[in-house]
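# Tertiary structure, described
Read off the chains here:
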Amino acid sequence: MRVLPSPKAVLHRTALIALLATPTLASAQCGGGFQNFVRGLKDEAVSAGYSIKTVNGFFSGVAKDSKVLRADRSQGVFQKPFIEFSRRLISQSRLDRGSRKGEEFDKIFERIETTYGINRGVLLAFWAFETDYGAVQGDFNTRNALVTLAHDCRRPELFRPQIFSALELYRKGDFDPARTTGAWAGEIGMVQMLPGDILEHGVDADGDGHVTLKTSAADALMSAARMLSHLGWRANEPWLQEVTIPAGMDVSASGPAYKKSVAEWEAMGVTPRTFDFAMKDVEASLILPQGHKGPAFLAYPNFDIYFEWNQSFTYVLTAAYFATRLQGAEVYNAGNPDTGLSDGQMKELQRRLQDRGHDVGSVDGILGANTRLAVQQEQMRLGLPADAWPTPDLLNEL
């Protein structure tokens, strides 16, 4: 369930960094004939010190996968607003299974909490959303997916290093290029980690001598926790908390880009809906995913780490919220948000924002961080509630 893999430790090993810095690589970064591209990869691997036998074994039978490219270009689920998206992903069945998985792997979660200070709800939510607790791990051939995406010239800098990471896993006996399958973007296993992440953060938690994320829940969960810790997770701190905001509150400082201490938010009338504020001196952002009339959350520093896992705002907020539900939080108060925009209207809004000089990235119909910030700035200019939620009225004003 990725919008695309973020560059999580894209260069994982010193040898590969040296390889990627060599002039020979510049001639075949992407594109051209597929077989010529593969030959270039094989030559570079041999130059990096891999044996011809290893390289030929890894690349034997490699093929371009058109289904991967189609999947890369069609991720409309992330265009859905938070309420619709979260209700689609979070069910009572998933909550119940999460509770059972928490009990089944209690000892592993205790190890994670002791070692990394990461709450089990956080890992259970990722496990649920990425593979439905391991049941749906993807059926794309991982090697073919990585080579296909590296050959494609949209984001070769993300995928090319992962080919060599997969090659290193193959050399170590932990990757079968003909049989290893996973997500379309090359992630493997129960929590969908890229080969480079497995090399750098993989943990043999079950003690069998291998890091096996497809079949070992212990390995998968411990490896994911280690990666989150490496990305900067602050041990034993919260990540998200639902709040209530007072009517008429100035919301111009809402959004991930703005932070105040919890005590400052409290002084402005923001109150917790479930549990008390545990850390009043820590800074947090006020998140209003569908405007000031919809759900409201305080996002703590750990919330930012979610964006290292996935770059979709909607996915990140839903995963963070689901983790709180797994820890006993109530169902959020959906409120009564103003009507949002259709896909076509959102793209038109993005074009109009671009015409006004705002950097919204691609005109893709997705309400991402840049579009939200631009909307908020225009709302302030027009004297509207600056909650970063675009409405038909705003579109008409622009």
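Please refer to the structure higher up on the page.
Summarised in this report is the structure supplied together with it.

The rules behind each value
- Residues numbered from 1 in each chain as written.
- Predicted model: local features only at pLDDT ≥ 70, side-chain atom pairs only at ≥ 80, totals over all residues.
- Heavy atoms only, no water.
- Helix = DSSP H or I, 4+ residues; strand = E, 2+ residues; numbered from the N terminus.
- Rg over C-alpha atoms; globule rule 2.2 N^0.38 Å.
- Buried < 20%, exposed > 50% of the residue type's maximum accessible area, 1.4 Å probe, protein only.
- Contact = heavy atoms within 4.5 Å.
- Disulfide = S-S within 2.5 Å.
- Salt bridge = Lys/Arg side-chain N within 4 Å of Asp/Glu carboxyl O.
- Polar contact = N/O pair within 3.5 Å; in protein donor to acceptor, adjacent residues only side chain to side chain.
- Expected span 1.5 Å × (residues − 1).
- Pairing = 2+ DSSP bridges.
- Axes fitted to C-alpha atoms, helices over the stretch in contact; angles between N-to-C directions.
- Core = buried A, V, L, I, M, F, W, Y, C linked by side-chain atoms within 4.5 Å.
- Phe/Tyr/Trp six-rings, centres within 6.5 Å; stacked < 30°, edge-to-face > 60°.
- Lys NZ or Arg CZ within 6 Å of the ring centre and 35° of its normal.

## Brief notes about the overall build of the protein chain
On a plain count of helices and strands, the protein chain comes out with 18 helices and seven strands. In terms of C-alpha radius of gyration, the protein chain reaches 22 Å, essentially the compact-globule figure of 21 Å for 398 residues. With respect to the three principal axes, the spread of C-alpha positions in the protein chain is 70 × 55 × 35 Å. Burial status across the protein chain gives 54% buried among its 398 residues. Put simply, of all contacts in the protein chain between residues at least 6 apart along the chain, 70% involve residues at least 24 apart.

## Comments concerning the side chain of Gln350
Position of Gln350 relative to the elements: it lies in helix 16 (residues 343-355). Not counting residues up to four positions away in its chain, the partners in contact with Gln350 are Val360, Ser362, Val363, Asp364, Gly365, Ile366 and Thr371.

## Focus: the state of the cysteines
In total, this model carries one disulfide according to the counting rule given. The disulfide partner of Cys30 is Cys153, and the S-S distance across this bridge is 2.2 Å. Because the torsion about its S-S bond is 105°, the bridge between Cys30 and Cys153 counts as right-handed. Here the residue Cys30 occupies a position in the loop between helix 1 (14-20) and helix 2 (34-47), and Cys153 occupies one in the loop between helix 9 (142-151) and helix 10 (156-171), the gap between them amounting to 123 residues. Judged by relative accessible area, Cys30 falls into the partly exposed class, the value being 26%.

## Things to note about the pattern of salt bridges
Two side chains of opposite charge can pair, provided their charged atoms sit close to one another. Evaluation of the coordinates by the stated rule reveals 24 salt bridges. A salt bridge links Asp176 to Arg179, with the shortest nitrogen-to-oxygen separation between them at 3.3 Å. Residue classification places Asp176 among the partly exposed residues on the basis of a relative accessible area of 29%. For Arg179, a relative accessible area of 64% puts it in the exposed group.

## Remarks on the side chain of Gln379
Inspection of the secondary structure assignment puts Gln379 in helix 17 (residues 369-382). Using a relative accessible area of 3% as the deciding quantity, one classes Gln379 as buried. A distance of 3.0 Å separates the side chain of Gln379 from the backbone nitrogen of Asp387, its partner in a polar contact. In this structure the side chain of Gln379 is engaged in a polar contact, spanning 3.2 Å, whose partner is the backbone oxygen of Trp389. The residues contacting Gln379, other than those within four sequence positions of it, are Leu384, Pro385, Ala386, Asp387, Ala388, Trp389 and Leu394.

## Looking at helix 16
Under the 1.5 Å per step criterion, the end-to-end length of helix 16 is 19 Å for 13 residues, consistent within 8% with the ideal 18 Å. Buried-residue contacts for helix 16 involve helix 17 and helix 18 (392-397). At the exit of helix 16 stands Gly357, carrying a positive phi of roughly 95°.

## As for the sheet that holds strand 6 (residues 283-287)
For sheets, the rule is that strands pair by backbone hydrogen bonds, running either parallel or antiparallel. Ordered in space as 4-6-7-3-5, the five strands form an open sheet in which the pairing is antiparallel. Among the strands making up the open sheet, the edge pair consists of strand 4 (260-261) and strand 5 (271-272). By the bridge criterion, three bridges tie strand 3 (residues 240-244) to strand 7 (residues 297-299) in an arrangement that is antiparallel. By the bridge assignment for strand 7, Leu240 is matched with Ala299. In the packing of helix 15 (residues 313-326) onto the sheet, contacts are made with strand 3, strand 6 and strand 7, and the angle to strand 3 comes to roughly 90°.

## Some remarks on the nonpolar core
Core analysis: the biggest nonpolar cluster contains 90 residues, and Val122, Leu123 and Tyr306 have the highest contact counts within it. It is helix 15 that contributes the most residues to this core, 10 residues altogether. Apart from residues lying up to four places away in sequence, Val122 is in contact with Leu228, Trp233, Trp239, Tyr306 and Ala323.

## What about the pairing of strand 3?
The element strand 3 is extensively covered by neighbouring structure, given that four of its five residues are classed as buried. Where strand 3 lies against strand 5, two bridges are found, and the strand directions are antiparallel. Among the inter-strand pairings, Val243 is bridged to a residue of strand 5, identified as Pro272.

## Some details on the pairing of strand 6
In terms of burial, strand 6 is a largely internal element, four of the five residues being buried. The pairing of strand 4 with strand 6 spans two bridges and is antiparallel. Looking at the pairing, Lys260 lines up with Ala284 of strand 6. Sheet topology places strand 6 next to strand 7; three bridges connect them, and they run antiparallel. Each residue of the ladder has a partner; that of Ile287, found in strand 7, is Phe297.

## A closer look at the packing of aromatic side chains
Any two aromatic rings considered together are summarised by their centre-to-centre distance and by the angle between their planes. Applying the stated criterion to the full structure yields 19 aromatic pairs. Where Phe82 meets Tyr321, the ring centres are 6.2 Å apart and the plane angle is 80°; that geometry is what we call edge-to-face. Here Tyr321 lies in helix 15 and Phe82 lies in helix 5 (residues 82-89), a separation of 239 residues in the sequence. Taken as a pair, Phe82 and Tyr321 share a single burial class, namely buried. Ring centres of Phe129 and Phe322 lie 5.1 Å apart, and the angle between their planes is 10°; this geometry places the pair in the stacked category. Here Phe129 is found in helix 8 (residues 120-131), whereas its partner Phe322 is found in helix 15, with 193 residues between them in sequence. Looking at Phe129, the relative accessible area reads 4%, which means it is buried. The positively charged end of Lys260 is found above the aromatic ring belonging to Trp265, 5.8 Å away from the centroid.

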